[in-house]
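# Structure at a glance
Next come the chains, spelled out residue by residue.
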Number of protein chains: 4
Amino acid sequence: MILGQNQYGKAETRVVRITRDGPTHHIKDLTVSVALSGDMADVHLSGSNANVLTTDTTKNTVFAFAKEHGIASAEQFGIRLARHFVTNHDPITRARIRIEEHTWGRIPTPGPKRHSFVRGRQETRTAQVTHDDGGWEVLTGLKHLTVLNSTDSEFTGYAKDRYTTLPETRDRVLATEVHAVWRHAAAPGTAEPDPATPWDGSYERIREHLLQAFATTYSLSLQQTLYRMGERVLQECPGIDEIRLSLPNKHHFLVDLEPFGLKNDHEVYYAADRPYGLIEATVLRDGARPRIPVDVTNLP
Amino acid sequence: MILGQNQYGKAETRVVRITRDGPTHHIKDLTVSVALSGDMADVHLSGSNANVLTTDTTKNTVFAFAKEHGIASAEQFGIRLARHFVTNHDPITRARIRIEEHTWGRIPTPGPKRHSFVRGRQETRTAQVTHDDGGWEVLTGLKHLTVLNSTDSEFTGYAKDRYTTLPETRDRVLATEVHAVWRHAAAPGTAEPDPATPWDGSYERIREHLLQAFATTYSLSLQQTLYRMGERVLQECPGIDEIRLSLPNKHHFLVDLEPFGLKNDHEVYYAADRPYGLIEATVLRDGARPRIPVDVTNLP
Amino acid sequence: MILGQNQYGKAETRVVRITRDGPTHHIKDLTVSVALSGDMADVHLSGSNANVLTTDTTKNTVFAFAKEHGIASAEQFGIRLARHFVTNHDPITRARIRIEEHTWGRIPTPGPKRHSFVRGRQETRTAQVTHDDGGWEVLTGLKHLTVLNSTDSEFTGYAKDRYTTLPETRDRVLATEVHAVWRHAAAPGTAEPDPATPWDGSYERIREHLLQAFATTYSLSLQQTLYRMGERVLQECPGIDEIRLSLPNKHHFLVDLEPFGLKNDHEVYYAADRPYGLIEATVLRDGARPRIPVDVTNLP
Amino acid sequence: MILGQNQYGKAETRVVRITRDGPTHHIKDLTVSVALSGDMADVHLSGSNANVLTTDTTKNTVFAFAKEHGIASAEQFGIRLARHFVTNHDPITRARIRIEEHTWGRIPTPGPKRHSFVRGRQETRTAQVTHDDGGWEVLTGLKHLTVLNSTDSEFTGYAKDRYTTLPETRDRVLATEVHAVWRHAAAPGTAEPDPATPWDGSYERIREHLLQAFATTYSLSLQQTLYRMGERVLQECPGIDEIRLSLPNKHHFLVDLEPFGLKNDHEVYYAADRPYGLIEATVLRDGARPRIPVDVTNLP
């Protein structure tokens, strides 16, 4: 028998960092999962834990770093954690930090106090930082961004076989729940990503490009819409080398109202849960090597 | 044996209604659950379905009504459905319609087209309309409205017994996920609610009052905050007679960083999932009879 | 404004109790939610916590009682907790303890050691004990018990209106996910339930009666099946006075295979998630007063 | 820009197949997800659907095949579907079929009828069949198999750093929720897997080996237990070349009862949800190439 790829760490540590700037407070709310790899044959084969930094310690490190270094952004926090584990523990040669960020908006109140927040947005921002002796990889993403076009979508001209019954349509609702992961261009060699990277601004811009590409594409297929979304991000954001999108086709079926003597002129839809079409693809900058895994909905 | 309270109907019909006003489209997105009661002894005792309007028919009615009457608001749609079932089917003497409304915002795009939407807000708006020969009851509510104050909350002076270990605190994070249901004052006698009621505006106003009361109350206990939230809604909204709030105390524990030689001055918190405190109460206008059930998180 | 019904406590405390009997270990695994009521006007109106036994203390009490008294059964554990809170804290006049029990089976192994377990069964056993100066109420139940008959179910002779399209059927799949809550007959006066009640055996017997009634009833409607299930429990178990069942009709639609030149002779079904029929009813012993709430799926 | 890896198909088609053998019925209950790849540049770049077999057609094919060929096992059904899509549609060069199987047990009843079933077991069986011109890959697995040892687990001798606070323990509860995926040895060349493979029996045997290895290993670390589980499967099942296990360490913390004057001698535990340790590794037969993806919890 051979021990293959292995990793371990504490998953889903929920850390909330409050920063007080007089009456104005700021909040960062993350779920952090650490996965470490390295010289771990002994613990698997004989149960010797000598090389094992415990998952409890990785959790403590998340909390301590939130205090010592603050959380400038999910990506920057992940970089710091990954560097720490690989640098300070000889048996550990690779660290992967996955982060979900939960977004809060402010509740505007009279007076100078600004310490009240409300969870906004349905989508979750994600980040993944991987560091080993080959260098660094930073992925950013989002999941559960639900969007819908009520027209400007058709679906015709597809292949047909014995099992095809779907009628063509020139006007349908197109709805999906965007899962996206994009990869930031690596620094030269094995250098650490530039700490001055404006990760939060980059996220907001890419989110907006995804929304705009979805909204303004006259869609002949969800694949085409997907490609436009990825293409737009790469065109507009030179720092991104690769993006993978996973778009469930959340079917909205026109309800047949004829039995009731009614005509349904693209007005009443049944929103189905399952089954759903699932359209997935990677779009790459010329010359970039694909590195984002195929099963993107699992990140993190 | 005796047959006690019984009801039946189709649950969770997902209906999406698109209205086209030239290039501007509007969307209403509801999950509708119908529960009917009446002269139903036979079907339980002998299996005779003669009095049973099938759950499939109740589903069809939801779709057909979305076409025939549109969806002005969740409450108005529920009123129309409830009236239909009780009026048009003799054996049915009571109808309860529960609705969840999923909110969409617009994706702003260049040009005149306005048919692109993004799911906003984490909370779900709820409505429940009940109609029988005693009249009408309309409840509106929301669930999963997550809010947090990073200061201006303390917890001291509580009862202590042999099992008490909690230290008092003068400064804590107060976070909760608001579940609220409020009851609209009934029309005189058994009259139907005024169709001109501005249900959507009312909802937005009450949501804002809940947020403001949460944000601006210096909290000595979550019970006190809860009461202020309910009180404010009743004070500001004369059309509301009763409100019930269910507030999980989403604990944010200050992480002990002393083992690492660090001082945690209200900066780093661990956000716990379970267990959680659960604070529930009804606030009533003077003279109002309590009618909202105790287990409010179940509505709908 | 008036403060109406209110309650508070710690929800979802996950307590696991191991008992070692030499090499044979036993396990009880509960999720316990405490809700206390009483003289709580002050904390709501002024924020004074003097009457408030903290939710943290109620959680500690759950753990301490698991040690001091063991967990003979969910019901017995709930009775002990309810009695404690009402008896030992003057301001508290009512306690409701809700418990979910997670079932473990043994993994049979060679040798004398018996300390290995595997989670069995999909359903969760539930219990609710309520105690105030009016006495005691004990409810037991289960949820997510999924059952299916592949024949011996028909659905015909139902009422039809303009919106009815469902064809009658003489042979369908009948599937549901049983949610049930039954009420144990109260002891005379305000006496505490007999501690010698064999709660675990009672649960197993009632679960079996529900399964048998479902399996052996030739069904003309799900309502009829529901009534038979409740009736059987009351007939066979004299200690039960009332039972409420909530049965989602988990539709299995016969797939239309004719477009592919195939005949579907009750062989291939599409199992739908939503919408679903929802059939709910209470069955009572003659003379019993209905006390189980209508929204039974919320228990606990 | 370059189009990278892409795939599409219908996800989560819920198909239930009933087979009647006189009064004895049999049931297979699957959730099937199809992902197809091939010559799909056009649909992404120009929206031409000429090469696209619609996701609706892939769903229809699942239902039709359930009728035409029956469902001998999840794996056999997946092989048939994968072969169909790759063989019969030129633009499609690769098919990946993911299946979840929901297990039903019988409800024993008096008399000859055997058509009543109850959902058993908490875990879900999984299968994934991938077919392209390189050949075939068959993975089988399970998820959510929750197991617990109440003793014979210790954790000592681990690495310590500035952030380590965890005390060593010689006796702890070890609990996990097994997620496993194993790969069947491929047939020579690009041949299809032997249709006579006893997939169902193989699954039951491997499930039992996993349970036995978990239960009978005296555990010095969860990594060691994991390795023993994988090793045992490979040792006992020559047809398996690789297995990947993902084991969340479901922490059961001994509750500190000293503040209440009580001694907790391994009796009362708090079962935590998050964070949790996550231990993942692959075990391979000598000479086998690792092919199971790292993020195994995503299969299917």
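Just so you know, the residues in each chain are numbered from 1, in the order the chain's sequence is written. Labels follow written order: the first chain is A, the first ligand is 1, and so on. Residue-level local features of this predicted model are given only where pLDDT is at least 70; pairs of side-chain atoms are given and counted only at 80 or more, and the full residue set underlies all totals for whole chains, interfaces and linings. Side-chain metrics in this entry use all non-hydrogen atoms of the structure; hydrogen atoms and water are not considered.

With an unreviewed UniProt entry as reference, chain A is termed Uricase, source organism Streptomyces luteosporeus. As stated in UniProt under Function (unreviewed entry), the record for chain A gives "Catalyzes the oxidation of uric acid to 5-hydroxyisourate, which is further processed to form (S)-allantoin." Under the UniProt heading Catalytic activity (unreviewed entry), the entry covering chain A gives this text: "urate + O2 + H2O = 5-hydroxyisourate + H2O2". UniProt positions are given in the numbering used here, feature names are shortened, and annotations may be inferred rather than shown by experiment.

### Regarding the overall build of chain A
The secondary structure listing takes helices from DSSP runs of H or I that are at least 4 residues long and strands from runs of E that are at least 2 residues long, numbered from the N terminus. Across its full length, chain A holds five helices and 13 strands. By principal-axis analysis of the C-alpha atoms, chain A measures approximately 75 × 65 × 35 Å. A burial count over chain A gives 65% of its 300 residues as buried. Partitioning the contacts of chain A with sequence separation of at least 6, the portion at a separation of at least 24 is 67%. Only the protein chains shown count as cover for residues, and the accessible areas themselves come from Shrake-Rupley with a 1.4 Å probe. Summed over all atoms, the accessible surface of chain A reaches about 10500 Å², with 49% contributed by carbon and sulfur. Positive charges come from Lys and Arg, negative ones from Asp and Glu, while His and the chain ends are left out of the count. One atom stands in for each charge, and that atom is NZ of Lys, CZ of Arg, CG of Asp or CD of Glu. For chain A, the distance from the average site of its 35 positive side-chain charges to the average site of its 38 negative ones is 5 Å. The rule is simple: take the accessible area with a 1.4 Å probe, protein chains only, and divide by the maximum for that residue type; under 20% is buried, over 50% is exposed, in between is partly exposed. Contacts are assigned to residue pairs with any non-hydrogen atoms lying within 4.5 Å of each other.

### Overview of the interface of chain D and chain B
Each partner contributes residues to the interface: chain D has ten residues there, and chain B has ten residues. We define buried area as the total accessible area lost by two parts upon association, computed with a 1.4 Å probe and summed across both. For the pairing of chain D and chain B, the buried interface totals around 920 Å² over both sides, and the portion due to carbon and sulfur atoms is 49%. By salt bridge we mean one thing: a side-chain nitrogen of Lys or Arg within 4 Å of a carboxyl oxygen of Asp or Glu. Remark: the boundary between chain D and chain B carries two salt bridges. For D273 of chain B, the salt bridge is made with R274 of chain D, and the minimal N-O distance between the two is 2.8 Å. In protein, a polar contact requires one atom able to donate a hydrogen and another able to accept it; more generally it is a pair of N or O atoms within 3.5 Å, and residues adjacent in sequence count only if both atoms are side-chain atoms. At the junction of chain D with chain B, the criterion picks out six residue pairs in polar contact (both at pLDDT 80 or more). Among the residues forming the side of chain D that touches chain B, the class breakdown is six nonpolar, one polar and three charged. Only Asp, Glu, Lys and Arg are considered charged in this grouping, and only Ala, Val, Leu, Ile, Met, Phe, Trp, Tyr, Cys and Pro are considered nonpolar; every other residue, Gly among them, is considered polar.

### Details of the interface of chain C and chain B
Contacts between the two partners involve 80 residues from chain C, matched on the other side by 80 residues from chain B. Here chain C meets chain B over a buried area of about 6600 Å², counting both sides, of which 52% is carbon and sulfur. Its largest share of buried area at the contact with chain B, chain C owes to M1, Y163 and Y227 of chain C, together 12% of the area lost on that side. At the surface where chain C touches chain B, the tally comes to eight salt bridges. Measuring nitrogen to oxygen at the nearest pair gives 3.8 Å for the salt bridge that ties R96 of chain B to D295 of chain C. One can count 44 residue pairs in polar contact (both at pLDDT 80 or more) joining chain C with chain B. The set of elements that each furnish at least two residues to the side of chain C that touches chain B consists of strand 1 (2–11), strand 2 (13–21), helix 1 (41–45), helix 2 (55–69), strand 4 (92–101), helix 5 (222–236) and strand 13 (276–284) of chain C. Top contributing element to the side of chain C that touches chain B by residue count: strand 1 of chain C, with ten residues. Of the residues contributing to the side of chain C that touches chain B, the split by class is 29 nonpolar, 33 polar and 18 charged. One requirement defines pairing of two strands: DSSP has to find at least two bridges between them. Bridge count between strand 1 (residues 2–11) of chain B and strand 13 of chain C: eight bridges; the pairing is antiparallel. Bridging from a neighbouring strand, G9 of chain B pairs with L278 of chain C of strand 13 of chain C.

### A closer look at the pairing of strand 6 (residues 116–119) of chain C
In strand 6 of chain C, alternate side chains face the same way, and those of S116 and V118 of chain C on one face and F117 and R119 of chain C on the other are all buried. Of the pairings in the sheet, the one linking strand 5 (residues 104–106) of chain C to strand 6 of chain C comprises three bridges and is antiparallel in character. Looking at the pairing, G105 of chain C lines up with V118 of chain C of strand 6 of chain C. Pairing of strand 6 of chain C with strand 8 (residues 135–149) of chain D, which is carried by three bridges, proceeds in the antiparallel orientation. For S116 of chain C, the partnering residue across the bridge sits in strand 8 of chain D and is N149 of chain D.

### What about the domain arrangement of chain A?
Residues and elements named next belong to chain A. Each domain's limits were defined by an automated method or a database of domain assignments. Looking at the assigned domains, one finds that chain A contains domain 1 (13–102) and domain 2 (106–252 + 271–298). Taken together, the contacts link 28 residues of domain 1 with 27 residues of domain 2. Interface area, domain 1 with domain 2, both sides summed: about 2300 Å², of which 49% is carbon and sulfur. The largest share of the area that domain 1 buries against domain 2 comes from E75, I79 and E101, three residues that together contribute 25% of it. One salt bridge connects K28 with D200, and the closest N-O pair in it is separated by 3.1 Å. Between domain 1 and domain 2 we count 13 residue pairs in polar contact (both at pLDDT 80 or more) in total. Elements that contribute at least two residues to the side of domain 1 that touches domain 2 include exactly strand 3 (24–38), helix 3 (74–88) and strand 4 (92–101). At nine residues, strand 4 tops the list of elements feeding residues into the side of domain 1 that touches domain 2.

### A few points about the relation of the copies chain D and chain B
Alignment of copies: least-squares fit on C-alpha atoms of residues with pLDDT of at least 70 in both copies. For these two chains of identical sequence, chain D goes onto chain B by a turn of 180° and a shift of 0.0 Å along the axis, with RMSD 0.0 Å. Expressed as a symmetry operation, the mapping of one chain copy onto the other fits a two-fold axis. It is D273 of chain D whose C-alpha, among those of chain D, lies nearest the rotation axis, at 3.8 Å. Looking at chain D, 100% of its interface residues are interface residues in chain B too, so the copies touch through the same face.

### Things to note about the pattern of salt bridges
On inspection of all chains with the given rule, the structure shows 119 salt bridges over all chains. Of the charged contacts, one joins E123 of chain C and R121 of chain C as a salt bridge, the two residues approaching to 3.7 Å between their closest N and O atoms. In the salt-bridge network here, residues are joined through shared partners; they are K28, E75, E101, R125 and D200 of chain A.

### Some remarks on the packing of helix 4 (residues 199–216) of chain C against helix 5 of chain C
Residue and element names in this part refer to chain C. Axes here mean lines fitted to C-alpha atoms, for a helix over just the part in contact, with angles spanning 0 to 180 degrees between N-to-C directions. Between helix 4 and helix 5, whose axes approach to 9 Å, the crossing angle comes to 140°. Taken together, the axes of helix 4 and helix 5 lie oblique to each other. Seen along the crossing, helix 4 lies across helix 5 with a hand that is right-handed. Along the contact surface, helix 4 presents I206, H209, L210, Q212, A213, F214 and T216, while helix 5 presents T225, R228, M229, R232, V233 and E236. Among the residues making up the contact of helix 4 with helix 5, the classes are represented as six nonpolar, four polar and three charged. Every angle not falling under 35 degrees, over 145, or within 65 to 115 is termed oblique; those three ranges are roughly parallel, roughly antiparallel and roughly perpendicular. A clockwise turn of the near helix away from the far one marks a right-handed crossing, whereas an anticlockwise turn of less than a right angle marks a left-handed crossing.

### Focus: the side chain of S116 of chain C
With respect to the helices and strands, the residue S116 of chain C is situated in strand 6. Of the residues examined, S116 of chain C reaches a relative accessible area of 4% and is grouped as buried. A distance of 2.5 Å separates polar atoms of two side chains, one belonging to S116 of chain C and the other to N149 of chain D. If near-sequence neighbours (up to four positions away) are discounted, S116 of chain C is found in contact with G105, R106 and I107 of chain C together with L148, N149 and A215 of chain D.

### Focus on the relation of the copies chain C and chain B
Take chain C, turn it by 180°, move it 0.0 Å along the axis, and it overlays chain B with an RMSD of 0.0 Å. Most of the interface of chain C is mirrored in chain B: 100% of its interface residues are interface residues there too.

### Focus on unusual backbone geometry
Omega for the peptide link from R274 of chain B to P275 of chain B comes to -15°, which places this bond in the cis form. Here P275 of chain B shows up in the loop between strand 12 (268–271) and strand 13 (276–284). Despite not being glycine, E12 of chain C has its phi angle at roughly 60°, a positive value. Residue E12 of chain C is classed as partly exposed on the basis of its relative accessible area of 24%.

### Some words on helix 2 (residues 55–68) of chain D
In an α-helix there are 3.6 residues to a turn, and that puts residues three or four apart on one side. Residues and elements named next belong to chain D. A helix's residues, less one, multiplied by 1.5 Å, set its expected span. Counted at 1.5 Å a residue, the expected span for helix 2 with its 14 residues is 20 Å, and the 20 Å between its end C-alpha atoms agrees. Within helix 2, 13 of the 14 residues are buried, which leaves it mostly tucked inside the rest of the structure. In the stretch just after helix 2, G70 is the one whose phi turns positive, near 70°.

### Some remarks on helix 4 (residues 199–216) of chain D
Here helix 4 of chain D spans 26 Å end to end across 18 residues, near enough to the 26 Å set by a 1.5 Å rise per residue. Of all the residues in helix 4 of chain D, the buried ones are W199, S202, Y203, I206, R207, H209, L210, L211, Q212, A213, F214 and A215 of chain D.

### Concerning the environment of E177 of chain C
All names here are of chain C. Of note, E177 is situated in strand 9 (residues 174–184). Linking E177 and P248, residues 71 residues apart in sequence, is a C-alpha distance of 6.2 Å. Of the polar contacts made by the side chain of E177, one reaches the side chain of K250; its length is 3.3 Å.

### Let's talk about the packing of aromatic side chains
Between two aromatic rings, the relevant description is the distance of the centres plus the angle of the planes. Aromatic pairing here means that ring centres of Phe, Tyr or Trp (its six-membered ring) are within 6.5 Å. Orientation follows from the plane angle: under 30 degrees is stacked, over 60 is edge-to-face, and everything else is tilted. What the rule picks out here adds up to 20 aromatic pairs over all chains. Centroid distance Y163 of chain B to F260 of chain D: 5.6 Å. Interplanar angle 65°. Geometry classified as edge-to-face. Note that Y163 of chain B is positioned in the loop between strand 8 (135–149) and strand 9 (174–184) and F260 of chain D in the loop between strand 11 (252–254) and strand 12 (268–271), a pairing that runs across two chains. For the pair Y163 of chain B and F260 of chain D, a shared accessibility class is recorded, and that class is buried. Here a set of aromatic residues connected by ring pairs shows up, and it is made of F65 of chain A, F260 of chain B together with Y163 of chain D. Any Lys NZ or Arg CZ that is within 6 Å of a ring centre and within 35 degrees of that ring's normal is treated as a charge sitting over the ring. Against the face of Y158 of chain B rests K160 of chain B, its NZ or CZ located 4.3 Å from the ring centre.

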